[in-house]
Structures are given as structure tokens and as C-alpha cells.
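# Architecture and fold: a report
Here's the letter readout for the chains.
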Amino acid sequence: MTDDAAPKKPKQKSPLSAAVARSLREGTLWALSAVALLLLLALLSYHAQDPSFMDTGEPGRAQVSNWIGPVGAWLAGFFLFLFGRPAYLFPLMLVYAGWLVHNKQALPDARSRINTLLRAAGFVLTLVTSCGLATLHWDGSALPNTAGGALGNLVGGDTGHGLDHALSFLGATLLLLGLWLAGVALFLGVSWFEVMDRLGAWVLKAIDWVQTRID
């Protein structure tokens, strides 16, 4: 009797031992976390008078105020000019990427590569919509560009081609907010319905606790 089922291909073994693979994953987590912390500190200590990629800073200023030094000043100016306040999403993305690598138990196959690409697309969508919303709703006077940076000004700003110009302030806000929720769900794997269910359950528990205390 002939077996019609296609023969299964043997699983390719990793050339790395389990200990080495585990060390690489853990090392990637620590390295990306360190880079994320450096970027976060650089963004937090941004000073408009520090030299950056856009200008040479305040004339006669010898000391750099950024906590990470000249490199930190350059990075902070670059990220804040392009992305504004949503630039703080990049440290989060680096830590999350390191965590995903650390938790991976096997070499990535085709399916996991597709998942990685989709998560990356979710991060890009989250970043773009966050920049647009920040430009529409936040004050960016202390930043080198708008609150959403050059990207936010392009997406949401009233520049003749942004969503604020095409859909009005309310329409642009609603569209960007819906896309932001979709991007976060795709990037982090969050179910907003589950979030709402849990929040509702916590509110009901809090109400029951208050009524019990009153009784």
C-alpha cells in the first residue's frame, strides 16, 4: 500500500549548542537594553543649545548638557527633530525586541519571520500615527520641530497635504486614533477588547469594595 502523504523533511539542527544559543539571546537582550537606556537618557536630557546634527549649538558654549555627551546630544536632536515626543517609542521598541529575542527557543522559521515583519509594520504604524497625533494636540515649542517632529508635521500638520488640511482637526484625530489602536495591537499583540473587559471587571470590583466598606 502506497503512502500518499508527503515525507516529512528532517528538522535541521542548529550548529550552536543550547548553552551558546541561550547566551546569545541573553546577550542580545542586555545589549539592546543598554542601547535603549542610553537613547532614553539622551532624549530626557535634550538641550536646545547643545550641538546636534542640525546646528553647532550656542556660540561660545564649551560644555555639552546632555547626559550622554556629544553623541547623546546629536542623537537627541536627530530623533526629536524627525519624530518629536514619540521618539520615546524607540527605547521601548529596542527593549521589546530584545525581550522577543531572549524568549525565542528555536531558530526563526518562515512563519516567525512573517510575524516579525508584521510586528515591525505595527511599530511603524504606531510611530507614524503617534507623530501625527502629537503634532495635532501637543505643544512643541521646546523641541527642534513640532511635537510630532518632521514626520508628524507631514502626516497630521496643516501644511497643505497633511490630514488636518484634508479632513479637518476632528477627522484627522479620529482617523489617526483608530490607526494608532490598530498599530499598537499589531506591534504588542494587545487585544483592546480584553483590555476593556479587564478594566470593566476592575471597576466593578472597586464599586463592590466601596459599597462593602460603606455597609
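Everything quoted here is computed from the prediction, not taken from an experiment.

## Thoughts on the confidence of the model for the protein
For the protein, per-residue confidence averages 84 on the pLDDT scale, and residues scoring 70 or more make up 83% of the total. Within the protein, helix H4 (residues 110–137) has the poorest average pLDDT of any element, 88, and helix H2 (residues 69–83) the best, 94. Low confidence marks residues 105–110, where pLDDT is under 50. Its contacts with residues over four positions away, or in another chain, come to 3 contacts.

## A short note on unusual backbone geometry
One non-glycine residue, Ser168, lies in the positive phi region at around 75°. With respect to the element layout, Ser168 can be found in helix H6 (residues 163–188).

## Here we look at the side chain of Thr173
For Thr173, the position within the fold is in helix H6. For Thr173, a relative accessible area of 14% corresponds to the buried category. Here the side chain of Thr173 touches His137 through a polar contact of 3.0 Å, side chain to side chain. Ignoring sequence-local partners within four residues, the contact set of Thr173 consists of Leu133, Leu136 and His137.

## Overview of a nonpolar patch on the surface
Taken together, the side chains of Leu44, Trp67 and Tyr88 define a hydrophobic patch exposed on the protein surface, amounting to about 350 Å² of accessible area. Using a relative accessible area of 33% as the deciding quantity, one classes Tyr88 as partly exposed.

## Structural notes on helix H1 (residues 18–44)
In this model, H1 (27 residues) spans 39 Å end to end at C-alpha, consistent with the 39 Å of a helix rising 1.5 Å per residue. Burial in H1 covers these residues: Arg25, Leu29, Ala36, Leu39, Ala42 and Leu43. Of the surrounding elements, those touching the buried residues of H1 are H2 and helix H3 (89–103).

## Considering the packing of aromatic side chains
The description of an aromatic ring pair rests on the distance of the ring centres and on the angle between the ring planes. Counted under the stated rule, the structure contains 9 aromatic pairs. Summarising the aromatic geometry, the rings of Phe79 and Phe90 are spaced 5.1 Å apart at their centres and angled 65° between planes, so their arrangement reads as edge-to-face. One end of the pair, Phe79, is in helix H2; the other, Phe90, is in helix H3, with 11 residues separating them in the sequence. Here the two residues Phe79 and Phe90 agree in accessibility, since each one is buried. Relative to Phe123, the ring of Phe90 has its centre 5.6 Å away and its plane inclined at 80°; by these criteria the two rings are edge-to-face. Within this pair, whereas Phe90 is found in helix H3, its partner Phe123 is found in helix H4, the two being separated by 33 residues in sequence. A relative accessible area of 9% places Phe123 in the buried class. What links up through ring pairs into an aromatic cluster is the set Trp74, Phe78, Phe79, Phe83, Phe90, Tyr96, Phe123 and Phe187.

## Digging into H3
In an α-helix, one turn spans 3.6 residues, which is why side chains three or four residues apart end up on the same side. Taking 1.5 Å per residue as the helical rise, H3 with its 15 residues ought to reach 21 Å, and the 21 Å between its terminal C-alpha atoms agrees with that figure. Every buried residue of H3 is listed here: Phe90, Pro91, Leu94, Tyr96 and Gly98.

## A short note on the environment of Leu170
Position of Leu170 among the secondary structure elements: in helix H6. Along the backbone, Leu170 and Leu136 are 34 residues apart, and their C-alpha atoms lie at a distance of 9.8 Å.

Cut-offs applied
Residues numbered from 1 in each chain as written. Predicted model: local features only at pLDDT ≥ 70, side-chain atom pairs only at ≥ 80, totals over all residues. Heavy atoms only, no water. pLDDT = per-residue confidence, 0-100. Helix = DSSP H or I, 4+ residues; strand = E, 2+ residues; numbered from the N terminus. Contact = heavy atoms within 4.5 Å. Buried < 20%, exposed > 50% of the residue type's maximum accessible area, 1.4 Å probe, protein only. Polar contact = N/O pair within 3.5 Å; in protein donor to acceptor, adjacent residues only side chain to side chain. Patch = residues over 30% accessible without salt bridge, like charges linked within 9 Å, V, L, I, M, F, W, Y side chains within 5 Å. Areas by Shrake-Rupley, 256 points an atom, 1.4 Å probe, with all protein chains shown as cover. Salt bridge = Lys/Arg side-chain N within 4 Å of Asp/Glu carboxyl O. Expected span 1.5 Å × (residues − 1). Phe/Tyr/Trp six-rings, centres within 6.5 Å; stacked < 30°, edge-to-face > 60°.

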